[in-house]
Amino acid sequence: MNTTDRSLKLYNTLSGKKEEFQPIVPGHAGMYVCGPTVYYNVHLGNCRTFVSFDIIYRYLMHIGYKVRYVRNITDVGHLSDDGEDRMAKGARVAQLEPMEVAQKYTVDFHEMMRIFNTLPPSIEPRATGHIPEQIEMVQDILKRGYAYERNGSVYFNVRKFDQENPGVYGKLSGRVLDELLAESRDNLKSQDEKDDPADFAIWMKGRPGDIMVWKSPWSVGFPGWHLECSAMSTKYLGQTFDIHGGGNDLKFPHHENEVAQNHGACGCAPARYWLHTNMLLLNSKKMSKSEGNTISPTELFSGDSPHISKGYSPMVVKFFMLMAHYRSTLDINDDALQAAEKGYRKLMETNKILQKMTPDADNYDGSESDTDREILALIDQAYSGMDDDFNTAIALASLNEAGSYVHKLANQQLAAPEVSPWVLERLKTVFNAFIFDIFGLLDDTETAGDNGAVEGLMNLILDIRAAARAQKDWATSDKIRDGLAAAGIAVKDGKEGTVWVKQV
RNA sequence: GGUAUCGUGGCCGAGUGGUUAGGCACAGGUCUGCAAAACCUGCUACAGCGGUUCGAAUCCGCUCGAUACCUCCA
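Since the model is a prediction, treat every value here as computed from it, not as a measurement.

K.L.:
Looking at this model, I keep getting lost on the sheet that holds strand S10 (residues 241–247). Mind explaining?
P.N.:
Picture the strands of a sheet paired through backbone hydrogen bonds; they go either parallel or antiparallel. Across the sheet, which stays open at both edges, the 4 strands sit in the order S4-S3-S10-S11 with parallel pairing between neighbours. Whereas interior strands pair on both sides, the edge strands pair on one side only; in this sheet they are strand S4 (66–71) and strand S11 (271–277). Going across the sheet, the axis of each strand differs from the next one's by a mean of 20°, ignoring polarity.

K.L.:
Even after reading the chapter, I still don't get helix H7 (residues 225–237), so can you show me in this structure?
P.N.:
With 13 residues, H7 should reach 18 Å at 1.5 Å per residue; the first-to-last C-alpha distance of 19 Å fits that figure. Burial of H7 is extensive: 11 of the 13 residues sit out of reach of the surface. Positive phi shows up at Gly238, right after H7, with a value of about 100°.

K.L.:
Hey, could you run me through the pattern of salt bridges in this one?
P.N.:
Between side chains of opposite charge, a pair can form as their charged atoms come close. A full pass over the atoms with the stated rule returns 19 salt bridges. Here Asp493 ties to Arg469 by a salt bridge, and the two come within 3.4 Å at their closest N and O atoms. With a gap of 24 residues between them, Asp493 in strand S15 (residues 489–494) and Arg469 in helix H15 (residues 453–470) connect regions that are remote in the sequence. We classify Asp493 as partly exposed; its relative accessible area is 35%. In this structure, Arg481 engages Asp478 in a salt bridge whose closest nitrogen and oxygen atoms are separated by 3.6 Å. Here Asp478 and Arg481 lie together in helix H16 (residues 474–486), a separation of 3 residues that amounts to about one turn. Three or more residues are tied together by salt bridges with common partners; here these are Lys310, Glu341 and Arg345.

K.L.:
How should I be thinking about the packing of helix H12 (residues 370–387) against helix H14 (residues 421–438) in this particular structure?
P.N.:
Packed helices, taken two at a time, are described by the angle their axes make and the gap between the axes. With their axes 10 Å apart at the nearest point, H12 and H14 run at an angle of 25° to one another. Classified by the interaxial angle, the pair formed by H12 and H14 is roughly parallel. Seen from above, H12 lies across H14 with left-handed handedness. Here Asp372, Ile375, Leu376, Ile379, Ala382, Tyr383 and Met386 of H12 lie close against H14, whose contacting residues are Trp422, Val423, Arg426, Leu427, Val430, Ala433, Phe434 and Ile438.

K.L.:
Explain empty space enclosed by the protein to me, please; I cannot follow it from the model alone.
P.N.:
A water-sized probe, rolled over the atoms, reveals where empty space remains. Taken as a whole and judged by the stated rule, the model has 2 cavities of 30 Å³ or more. As for the largest cavity, its lining consists of 13 residues, of which Ser52, Ile55, Ala324, Tyr326 and Thr392 are closest to the centre. Those elements that place two or more of their residues in the lining of the largest cavity are helix H1 (44–62) and helix H10 (314–322). Per element, the largest residue contribution to the lining of the largest cavity is 5 residues, and it comes from H1. Looking at side-chain class alone, the lining of the largest cavity contains 8 nonpolar, 3 polar and 2 charged residues. Lining the second largest cavity, in full, are Glu349, Lys352, Ile353, Lys356, Val499, Trp500 and Val501. Taken together, the residues of the lining of the second largest cavity break down into 4 nonpolar, no polar and 3 charged.

Rules behind the numbers
Residues numbered from 1 in each chain as written. Chains lettered and ligands numbered in written order. Predicted model: local features only at pLDDT ≥ 70, side-chain atom pairs only at ≥ 80, totals over all residues. Heavy atoms only, no water. Pairing = 2+ DSSP bridges. Helix = DSSP H or I, 4+ residues; strand = E, 2+ residues; numbered from the N terminus. Axes fitted to C-alpha atoms, helices over the stretch in contact; angles between N-to-C directions. Expected span 1.5 Å × (residues − 1). Buried < 20%, exposed > 50% of the residue type's maximum accessible area, 1.4 Å probe, protein only. Salt bridge = Lys/Arg side-chain N within 4 Å of Asp/Glu carboxyl O. Parallel < 35°, antiparallel > 145°, perpendicular 65-115°, else oblique. Left-handed = near helix turned anticlockwise from the far one by under 90°. Contact = heavy atoms within 4.5 Å. 1 Å grid on protein atoms, 1.4 Å probe; cavity = no way out; pocket = protein on both sides within 12 Å on 5 of 7 lines; lining within 4 Å. Points joined across faces, edges and corners; volume = space filled by probe spheres on them. Nonpolar A, V, L, I, M, F, W, Y, C, P; charged D, E, K, R; others polar.

Here you go:
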C-alpha cells in the first residue's frame, strides 16, 4: 500500500484539531512515546496507552510507512511527591539496589506487553544509558541562556524562555504562564533555590547517600525527569520528528517541559504531532489505590478482584480497549467486559468461518452484485475509520457488519454466487489484516504450541460424531458434545458442518 | 478555586448540523433430532434549561454532574 494514496488524519493536541498527517520524510514516520517508570508493576492504565500506540504503530506500518518507534524506560530522575527518586524509593522499600528494582519491573513490563501482544518498539532506550546525552543537552540549554545553576543543580528558566519565545510554553497543555502561577495551590508555593516557581530542574545535585548519581560539570547528581525524553527523542529521531505520544496525564508538566527543553536546546519544536491517550476508569471512577478502586492486569486476568465476577483473557481486555476511541475515557466494569468477551469470541469465530470459505468460481458470471458493493463499502469504512485518527471502534463496527454476510453465506441464507470470488478473497485478506496485523489480536480460543495435535484430534472426534449423527445415533452424538463441553470445548452444528471453539 | 475534556438507549461505546453506528442484554420469529450458534424483526437515546437555524444529540450560553491536570529537588 502506498502512503501517498490516502489521507491520514491525527488529532494533534498542540493545535487542538484533527490534522492531515504529513511526515517530514515521505513514507517514513518517527514516533516517540513516553514509556513506564519501572519502580512498580505496570499500571493497567499504562497498558491502555501502550496498546493504543501499538495499534497506531501497526497501522502506520500497515499502510506502508517505515516507522521508527522509540519508547523509553525511565529508570532514574522521576521524583515522587516527597521529592525522593521513585527508583531509589522503590529500592529502599524493597531493600534492593535501584538497578535491581529497575530490572525487576522492566522484565515485568515486557512480560505484560508480550501478554497484550504488542510489538516491541524499534528502540527502547533507558534514561540511565543516556546520561552523557542529557548532560550535553543541559549544556546546550545553558549556552543558549535558558537555564541557570544553583548549588550544583541546574534549572530551566521558564520566565525568560516564555518572554523570548512567546506562545510556546503552555501551548500544548493550554495554560497561560501567569495564570498558572497565580492559580497554583497555596501548599505548593514553598520557596527553594529556584528564581521563579515556574522553573524546573534539568539537573539535580545528589544528596548524601544517593546511589543513582553521575558526574557532571555542575555536581555529582542526576538528570531531571523531563530531560530524558528530550535527550533520547533527539538522539534517535532528530531535533524535530513526526509524532510524540503519551498518556493524557503527562501533558503537563512533563510534555510541556519537554517542548521547552527542546526549544531551549536547539531553537526548534520537538514533535509536529502530539497524541494523547485518555484514562481508564474503574466503575466510572479513576483508579485509586488509597480508595481501593484499582485493579491490576494480573487481577483482571485471574478474576481475583472484588470488582469483577471472573477473569478475562488479555485478548478480551485488548478487544475491550479497541471498542472505544483512544481519546475517550474508557470505563472498566464487569458488564462491559462480559460484552467485550462475547464480541471478541464472535469476531474470531466469524473469521475462522470466513477463512475456510472457498469462492464459488464456477457460477461466477463476472458481474458485481449489490452484496459485493455493500461488502466493499464496509471494507472502505473500516479503513477510513482508521484513517480518521485511528478510530478502532468504527473499524470494528464495519468488520462486524461485514461478518454478518459471512454467516449468511455459511448458513446459505445468501447464495454463494452473490459474492464475487475476488470480493470474498479481499474480505478474507482484510479480516486477517485488521484482526492480526493492525489490532494485534491473537486467537486465544486456539491451542497454541501443540503443532496442530488438538486440531487433528478434534477433526477425528467430529468425524466420528458426524457419522453418528448421519445414522441418527443421537446418544453417541450427544455424548461427544457433552463430553467436549465438560472439557471446555463448545461444538456448534451449522449447515456447512460443525465448528468447535475452546471456551476460555 | 483555575484550566481542559466529557455527559448518548437496560449496559459499554462510535458519530458531531438533516441519513440504521457497532457490541452486549432483552422480546418475538426462522433454521435445527435436540441444544448452541447464526440469520430476521422489535425495543431506539443523545444530562437539564435557554438561544441560533428551515432543521441540533451535533453550534452558542448557563446550570448540574464526571474525569484529568494545576510543576516549584513529580
